[in-house]
Amino acid sequence: MSTMTTKSENNTTEDSKVTKIWNRVFIAVFVANLAMNAGQQLVNPLISRYVNVLGGTPAIIGMVSSSFAIVALICKLFAGPIIDAFNKKWVLWCALVVMAVAFFGYSLSSGVSQMFAFRMIQGLGQAFTSTIFMVIVSQVVPADRLGTGMGVFWTAQSICMAMGSAVGIQLANSFGYNVAFAFGASLIVVAIVIVTFIHVKHEPTRKFSIKLDKIIAKEALVPASIMFLTYLAFCAINAFLIVYAEGRGIKGNVGLYMTVYAVTLFGSRPLVGKLKDKFGFVRVVSANVIVCIVVFFIFSVATNLGTLLIAGVIMGFGFGACQPAINALALQSVPEDKRGAASSTNYIGMDLGSLFGASLAGIVAEHFGYVAMWRIMTIPFFCALVVIFLFRKRITASEACYAKDGE
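Residues numbered from 1 in each chain as written. Predicted model: local features only at pLDDT ≥ 70, side-chain atom pairs only at ≥ 80, totals over all residues. Heavy atoms only, no water.

A. Structural view of the overall build of the protein chain. Counting its secondary structure elements, the protein chain contains 17 helices and two strands. Within the protein chain, buried positions represent 56% of all 407 residues. Counting only contacts in the protein chain whose residues sit at least 6 apart along the sequence, the fraction spanning at least 24 positions is 85%. If you sum the accessible surface of the protein chain, you get close to 16500 Å²; carbon and sulfur atoms cover 68% of it. (Helix = DSSP H or I, 4+ residues; strand = E, 2+ residues; numbered from the N terminus. Buried < 20%, exposed > 50% of the residue type's maximum accessible area, 1.4 Å probe, protein only. Contact = heavy atoms within 4.5 Å. Areas by Shrake-Rupley, 256 points an atom, 1.4 Å probe, with all protein chains shown as cover.)

B. Structural view of the nonpolar core. Counting 118 residues, the largest nonpolar core has Phe299 and Met315 as the members making the most contacts within it. The residues contacting Phe299, other than those within four sequence positions of it, are Ile237, Leu241, Tyr244, Tyr257, Leu308, Ala311 and Trp374. With six residues, the next largest nonpolar core counts Ala217, Ala220, Ala341 and Ala342 among its residues. (Core = buried A, V, L, I, M, F, W, Y, C linked by side-chain atoms within 4.5 Å.)

C. Structural context of helix α3 (residues 88-108). Between its first and last C-alpha atoms α3 spans 30 Å; for 21 residues at 1.5 Å apiece the expected length is 30 Å, and the two agree. The residue sitting at the N-terminus of α3 and contributing the capping side-chain oxygen is Asn87; that oxygen lies 2.9 Å from the backbone nitrogen of Lys89. (Expected span 1.5 Å × (residues − 1). Polar contact = N/O pair within 3.5 Å; in protein donor to acceptor, adjacent residues only side chain to side chain.)

D. Quick look at a nonpolar patch on the surface. A surface patch of nonpolar side chains, about 510 Å² in accessible area, is lined by Ile70, Ile74, Leu77, Phe78, Leu355 and Phe356. Looking at the nonpolar patch, the elements that each hand over two or more residues are α2 (58-85) and α14 (339-368). Turning to its location among the elements, Ile70 is positioned in helix α2. Residue class for Ile70 comes out partly exposed when judged on its relative accessible area of 42%. (Patch = residues over 30% accessible without salt bridge, like charges linked within 9 Å, V, L, I, M, F, W, Y side chains within 5 Å. Salt bridge = Lys/Arg side-chain N within 4 Å of Asp/Glu carboxyl O.)

E. Geometry of the packing of aromatic side chains. As enumerated under the stated definition, the model contains 22 aromatic pairs in all. These aromatic residues form a ring-pair network of at least three members: Tyr231, Phe234, Phe240, Tyr244, Tyr257, Tyr261, Phe296, Phe299, Phe319, Tyr370, Trp374 and Phe381. Sitting over the face of the ring of Phe389, Arg392 holds its NZ or CZ atom 4.2 Å from the ring centroid. (Phe/Tyr/Trp six-rings, centres within 6.5 Å; stacked < 30°, edge-to-face > 60°. Lys NZ or Arg CZ within 6 Å of the ring centre and 35° of its normal.)

F. Looking closely at the side chain of Asn23. Inspection of the secondary structure assignment puts Asn23 in the loop between β1 (4-5) and α1 (24-53). Among the polar contacts made by the side chain of Asn23, one reaches the main-chain amide nitrogen of Val25 at a distance of 3.2 Å.

Listed below in structure tokens is the structure:
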């Protein structure tokens, strides 16, 4: 593969100004991200199943699963300063190598303690990958089309979400868990090879140090807060939708909800990205959040699989579609030398929402029942709308300033 270059701080490559999204560097990082996400989506659903096969109790299974999120969250505190100070290509390369080690480690594990150790190693690597990918994308797409670029870029995640779990389970059932984990690791190796041949121009402007202003970009706290609130509510779906459906007597494969949702994301993310670039974050993401509220009320009255699948399609234009827009806003809120911190801040909001969302929904369900839970868990979405409204002028100013700087 030929050596590739990204644009510099004035949104240009070393040769010419970037005028289109599908340039050579973007294609390379898109394919690398696709390979990485395919490996993750293939391996992650197998972790709890394999720990169970190894004799782990439900409590142990929960500990192994949550250890990943806790380690990733802790490491994100250092991700921003590292990304802003060092060459992003090699930081990404090292993070992918760590992930590959973890996945190959799963394939060689024969005990719960080994799985626990490699799960934490995966959390260490994954704390950096998505964050760096997001920063690199902001460098290699036209400034006035960042929302569109983010939407297109994250369709890779949608593709893998739709197929990864099914492929992983089929591999494990046919050839065993060790082979399935090894195949997932090989996909990470593909991403490593691609990243090796991408040249990301590095002009260090910030020295590495662990300070609060380098860990947290205060300018990105607004999008991070929106991300936190939306994830706080969204986690109720992953945690309780299947249990809720079974309790309601809904027949059929409820897991199809995620497939429908993921397939919808493939078309909705680029579309919503274009709408954001044209009409602005405030209008578009506010509409996305309102869609999420509607879906949660649909959940509360659903009595059959068809209704849930319709909700999956609608949610694809709600929560899933607004994620890239929030990511884009975080990067638009800061100067280029703080994008690592901004990206990390945004993902910390996501991780905190994921960490507390399921527990909060469980407490609500235990006290008020599942029907009430879906309705009560719309409160974080309403709070997100309030944040957007209160900071609408700052958000619009950030978008305008970013587009002007990119001209």
